[in-house]
Amino acid sequence: MHKVSFVGMGYVGLCTAACFANKGFKTIISTNDPKKIEMINKGIPPFYEPQLEELLKKVIKNKNLKAVVGRKEAILKTDTSFITVGTPSNPDGSVNLRFVEETSKEIGKTLKKKEDGHLVVVKSTVPPGTTEKLVKTNLEKQSGKTCGKHFLLCFNPEFLREGNAIYDTLNPDYIVIGGYNKKSAEALETLYKEFHKENSPPIIKTNIPTAELIKYANNAFLATKITFVNTIANICEKIPGADVTKIAEAIGKDHRINPHFLNAGLGWGGSCFPKDLKALIAFSKKLGYNPTLIQATCKANQDQIKFTIQKIQKELKTLKGKTIAILGLSFKPDTDDIREARSTKIINQLLREGAKITAYDPMAMPNIKKVFKEKIKYASSPTKCLKNADCAILVTEWEEFKKLKPEDFTQNMRESILIDGRRVYDPQEFSKKLRYIAIGLGEPLKPQL
Ligand code: UGA
């Protein structure tokens, strides 16, 4: 069986490493952060992800996974290394490649000492051209060896979602292998066939720049699909009786559209869509092309925040001194991640307008406290969050919020105004008992005589 290593311990690195180890591969994960290493080797993930902790405990105990400081051991003791370091944004939206650069240099230095061949796989999201120009060049320069001959190189994008990372790693819709040469692509294909056995998903083999662009295309398409349904939602709100959930249900039946990623809301956030769309715009512009569709998608996503604030303003007339309850802070359910979360944008805007905020989330409270400190109030339950609020906004559709009844709002709030940003509640039931405003829902139709 192959021995694999992962350089970089974010979501992708750690979740994929845990899955490889659980399939019986001897797996090493490396980072330069000794604190993280200590946690991993105790079976404690540095972030929340469903199923990860039990998986980690299992593979640490059976010694299939080991976390180490630095890259050397990871490269020398395995035959395949995945680069899974972060690729954050520069202020202009372009990708900051310093971790990829640093890592490829370090791997190159170790490859110099390695007698056997090695397969290097870039999994970090990088602009087309990066793997061949930056990674290959550094690997060859530092090792004194030739790519395709002494070591192999692939780009292999990742499509896992936070909150579903383990399931997605075990059940991907497809795998993309961008190979430097045929031998490189075949080596990675063999590894994935060993991983998935008889349940192998379709494997698309191509050259490296195409594979690099597939990652951006996939994320840009999904973000645009959500923005499309949000646009229809905004139109619905202007038409009495119109309902975006019915429209999504209907158009989702067309197999060319499909029902996934058609849930209207307050916009998309997270560590991937915002960063990757900005990067796609930045590198397209650099190539002399203005990707107007992607620019419009980003602009429309920002506007979704503005429209939400306008909805509250319309109800409360002024926001000055009013208390707004924010239900849900993570960028989506089942994660404590608040990167580019809609909640933070909404809270910032409301604070600017002079509103007071009380916030609650089942998982993300520690992270949100680091951002807003004493500027907002924190509640320990949904109903405590609603206490004396003038308006509530449901931002993230956690299961816990779905159980709330109209009375939880009417009995706790000063004014029972609810903005359901994720279409969690039954409009008929809620409209009878409180002022219920929902994304993509027109005012109720007058009953027909
Ligand atoms: C996204 C992609 O879905 C993954 O395939 C990809 O691997 C990942 O980015 C990445 O590049 O690493 P993720 O950001 O974890 O995954 O989360 P998603 O489930 O895609 O959600 C992103 C945002 O879209 C969230 O704010 C979510 O609330 C929103 N969303 C999603 C909607 O508003 N409506 C939907 O129907 C679906």
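The rules behind each value
- Residues numbered from 1 in each chain as written.
- Predicted model: local features only at pLDDT ≥ 70, side-chain atom pairs only at ≥ 80, totals over all residues.
- Heavy atoms only, no water.
- Core = buried A, V, L, I, M, F, W, Y, C linked by side-chain atoms within 4.5 Å.
- Buried < 20%, exposed > 50% of the residue type's maximum accessible area, 1.4 Å probe, protein only.
- Helix = DSSP H or I, 4+ residues; strand = E, 2+ residues; numbered from the N terminus.
- Contact = heavy atoms within 4.5 Å.
- Axes fitted to C-alpha atoms, helices over the stretch in contact; angles between N-to-C directions.
- Parallel < 35°, antiparallel > 145°, perpendicular 65-115°, else oblique.
- Nonpolar A, V, L, I, M, F, W, Y, C, P; charged D, E, K, R; others polar.
- Salt bridge = Lys/Arg side-chain N within 4 Å of Asp/Glu carboxyl O.
- Phe/Tyr/Trp six-rings, centres within 6.5 Å; stacked < 30°, edge-to-face > 60°.
- Lys NZ or Arg CZ within 6 Å of the ring centre and 35° of its normal.

A. How the structure looks around the nonpolar core. Judged by nonpolar contacts, the single largest core of 39 residues is most densely connected at F20, L65, F82 and L188. Take this core: its biggest share by element is 8 residues, from helix 1 (residues 11-22). Excluding its chain neighbours within four sequence positions, the residues that come into contact with L188 are F82, L119, V121, C154, N156 and I177. Among the nonpolar cores identified, the runner-up in size contains 29 residues, and L319, I324, I417 and I419 belong to it.

B. Main features of the packing of helix 6 (residues 130-143) against helix 9 (residues 208-236). Where helix 6 meets helix 9, the axes come as close as 8 Å, and the angle between the chain directions of the two elements is 115°. The angle between the axes of helix 6 and helix 9 places the two elements in the roughly perpendicular class. For the pair helix 6 and helix 9, contact is made by T130, T131 and E132 and by I208, P209 and E212, respectively. Counted by class, the contact of helix 6 with helix 9 contains 2 nonpolar, 2 polar and 2 charged residues.

C. Local environment of the pattern of salt bridges. Inspection of the entire model under this criterion finds 29 salt bridges. Residues R435 and E443 are paired through a salt bridge, measuring 3.4 Å at the closest nitrogen-oxygen approach. Here the residues in one salt-bridge network are K66, E73 and K77, joined through shared partners.

D. Inspection of the packing of aromatic side chains at higher detail. For the structure on display, the rule yields 16 aromatic pairs. Between F20 and Y192 the ring centres are 6.4 Å apart and the planes differ by 55°, which places this aromatic pair in the tilted class. Of this pair, F20 sits in helix 1 while Y192 sits in helix 8 (residues 182-196), placing them 172 residues apart in sequence. Overall, Y192 belongs to the buried group, its relative accessible area being 6%. Their ring planes at 80° and their centres at 5.8 Å tell us that F409 and Y425 sit as a pair that is edge-to-face. Here the residue F409 occupies a position in helix 17 (residues 406-410), and Y425 occupies one in the loop between strand 13 (417-420) and helix 18 (427-433), the gap between them amounting to 16 residues. For the pair shown, F409 and Y425 are each scored as buried. An aromatic cluster is built from F6, F20, F25, F82, Y192 and F195, whose rings are joined through pairwise contacts. A cation over a ring is seen here: K23 above F195, with NZ or CZ 4.9 Å from the ring centre. Stacked on the ring of Y378, the Lys or Arg K369 has its end atom at 5.4 Å from the ring centre.

Shape is all these values report; function is a separate question.
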